[in-house]
Amino acid sequence: MIPLLLQLNAQDALANLQSLLLQMLVYGAIPLLMAFAVLVRYSRTYFLEKQKGFAFKFAGEQLWLFYSIARYMSAILVVLVGSILFWPGLYLNMPVSVPFQPLGFDLFVLAFAIMLVTGINEDGRFHNTIRRLMLAGTSIYLLGTLVLLVCPQQVPFAQGPLYNSFSDAWMQLTNATTSQLNERLAIYSIYMNLAVFLACVSLVSYFEVAKGKDGKGG
């Protein structure tokens, strides 16, 4: 009996640890990495001005190299950590704000695909498109995380009919966009993830094939 109880306790502890890790990734790590990637993306003008201010060209080139690495690595980290949103079991094991969190991540994946296609020397048009997609994805993800998941559980309910009616509408919207309470919307969000992922893979593959043909033709 005692070994069986120890085994059950170990399983419960492992399940709780796994749930805590998933919550830390979905509610904490992913939005923070997104915000950092957007901040790096929007600091391009600052680094360009700093690069021109160096007396030695080598130092300016090293600063720009550091910025380029940070710009790509921050986006790669978001895609790698956020790939957990492609796991269907996540939406049943813990509350996920659908379709806000998956949609925000999908917009980030699309921006990353454009980054891969354009390369490091992206022109102004692609640069603006990428940073707008990243900003939109981060904003939508934070909206779902903070407004529809974290705040309804942390903000205490005040007294008064006006606040009560507002809180009731808020909770109804939260329940309607929670994956565990709205499985149909969760399934649609999973399909949306797969569709965007396949579209991004097709986009990158198409441009890589086109580059290969141009290289052979040249």
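Residues numbered from 1 in each chain as written. Predicted model: local features only at pLDDT ≥ 70, side-chain atom pairs only at ≥ 80, totals over all residues. Heavy atoms only, no water.

Participant: Would you take a moment to explain the layout of surface pockets for this structure?
Facilitator: To find the voids left in a structure, one rolls a probe of water-molecule size over its atoms. In this structure, the largest pocket encloses a volume near 160 Å³. Lining the largest pocket are Val-79, Ser-83, Phe-86, Phe-105, Val-109, Phe-112, Ala-113, Leu-116, Phe-197, Cys-200, Val-201 and Val-204. At 5 residues, helix H5 (residues 100–118) tops the list of elements feeding residues into the lining of the largest pocket. Here the lining of the largest pocket is built from residues that sort into 11 nonpolar, 1 polar and no charged. (1 Å grid on protein atoms, 1.4 Å probe; cavity = no way out; pocket = protein on both sides within 12 Å on 5 of 7 lines; lining within 4 Å. Points joined across faces, edges and corners; volume = space filled by probe spheres on them. Helix = DSSP H or I, 4+ residues; strand = E, 2+ residues; numbered from the N terminus. Nonpolar A, V, L, I, M, F, W, Y, C, P; charged D, E, K, R; others polar.)

Participant: I would appreciate a short explanation of unusual backbone geometry in the present structure.
Facilitator: Keep in mind that most residues, glycine aside, have a negative phi and that most peptide bonds are trans. Cis geometry is adopted by the peptide bond preceding Pro-99, which originates at Val-98 and carries an omega value of 0°. Structurally, the position occupied by Pro-99 is in the loop between helix H4 (90–93) and H5.

Participant: How should I be thinking about the environment of Asp-106 in this particular structure?
Facilitator: By the secondary structure assignment, Asp-106 is in helix H5. A residue is classified by how much of its surface remains accessible, and Asp-106, at 3% relative accessible area, is buried. Between the alpha carbons of Asp-106 and Asn-193 there is a distance of 6.4 Å; along the sequence they are 87 residues apart. Setting aside residues up to four positions removed in sequence, Asp-106 forms contacts with Met-192, Asn-193 and Val-196. (Buried < 20%, exposed > 50% of the residue type's maximum accessible area, 1.4 Å probe, protein only. Contact = heavy atoms within 4.5 Å.)

Participant: I would appreciate a short explanation of the confidence of the model for the protein chain in the present structure.
Facilitator: Interpreting fine coordinate detail is not advised for predicted regions of low pLDDT. Counting all residues, the mean pLDDT for the protein chain is 84, and 83% of those residues have values of 70 or more. Predicted confidence in the protein chain is weakest over helix H7 (residues 161–176), with a mean pLDDT of 74, and strongest over H5, with 93. (pLDDT = per-residue confidence, 0-100.)

Participant: I keep staring at the packing of aromatic side chains and nothing clicks. Help me out?
Facilitator: For any pair of aromatic rings, geometry is given as the distance between the ring centres together with the angle between the planes. Scanning the entire structure with this criterion turns up 6 aromatic pairs. Ring geometry for Tyr-46 against Phe-47: centres 5.6 Å apart, planes inclined by 85°, an arrangement best described as edge-to-face. With a relative accessible area of 14%, Phe-47 lands in the buried category. Each residue in the set Tyr-46, Phe-47, Trp-64 and Tyr-67 is aromatic and connected to the rest through ring pairs, giving one cluster. (Phe/Tyr/Trp six-rings, centres within 6.5 Å; stacked < 30°, edge-to-face > 60°.)

Participant: Explain a nonpolar patch on the surface to me, please; I cannot follow it from the model alone.
Facilitator: On the surface, Leu-14, Leu-17, Leu-20 and Met-24 cluster together to form a nonpolar patch covering roughly 430 Å² of accessible area. With respect to the helices, strands and loops of the structure, Met-24 is situated in helix H1 (residues 2–42). Since its relative accessible area comes to 51%, Met-24 is described here as exposed. (Patch = residues over 30% accessible without salt bridge, like charges linked within 9 Å, V, L, I, M, F, W, Y side chains within 5 Å. Areas by Shrake-Rupley, 256 points an atom, 1.4 Å probe, with all protein chains shown as cover. Salt bridge = Lys/Arg side-chain N within 4 Å of Asp/Glu carboxyl O.)

Participant: Can you help me understand the packing of helix H2 (residues 44–52) against helix H3 (residues 57–82) in this one?
Facilitator: In helix packing, the relevant descriptors are the interaxial angle and the interaxial distance, both defined with respect to the helix axes. Between H2 and H3, the shortest axis-to-axis distance is 9 Å and the interhelical angle comes to 165°. On the basis of the axis angle, H2 is roughly antiparallel to H3. For the pair H2 and H3, the crossing hand works out as right-handed. Across the interface between the two elements, Arg-44, Phe-47, Leu-48, Lys-50 and Gln-51 of H2 pack against Gly-60, Glu-61, Leu-63, Trp-64, Phe-66, Tyr-67 and Arg-71 of H3. When its residues are assigned to classes, the contact of H2 with H3 shows 6 nonpolar, 2 polar and 4 charged. (Axes fitted to C-alpha atoms, helices over the stretch in contact; angles between N-to-C directions. Parallel < 35°, antiparallel > 145°, perpendicular 65-115°, else oblique. Left-handed = near helix turned anticlockwise from the far one by under 90°.)

Participant: Looking at this structure, how should I read the nonpolar core?
Facilitator: The nonpolar side chains of soluble globular proteins are, as a tendency, buried together. By size, the foremost hydrophobic cluster in this structure holds 33 residues, and its most contacted members are Met-34, Ile-84, Leu-85, Leu-90, Tyr-91, Phe-108 and Met-134. Elements with a contribution of two residues or more to this core: H1, H3, H4, H5, helix H6 (124–154) and helix H8 (183–217). Looking at this core, the element that brings in the most residues is H5, giving 9 residues. Discounting chain neighbours no more than four positions away, the residues touching Ile-84 are Leu-22, Leu-25, Val-26, Ile-30 and Leu-90. In this structure, Val-40, Trp-64, Tyr-67 and Ala-70 belong to the second largest nonpolar core, which totals 6 residues. (Core = buried A, V, L, I, M, F, W, Y, C linked by side-chain atoms within 4.5 Å.)

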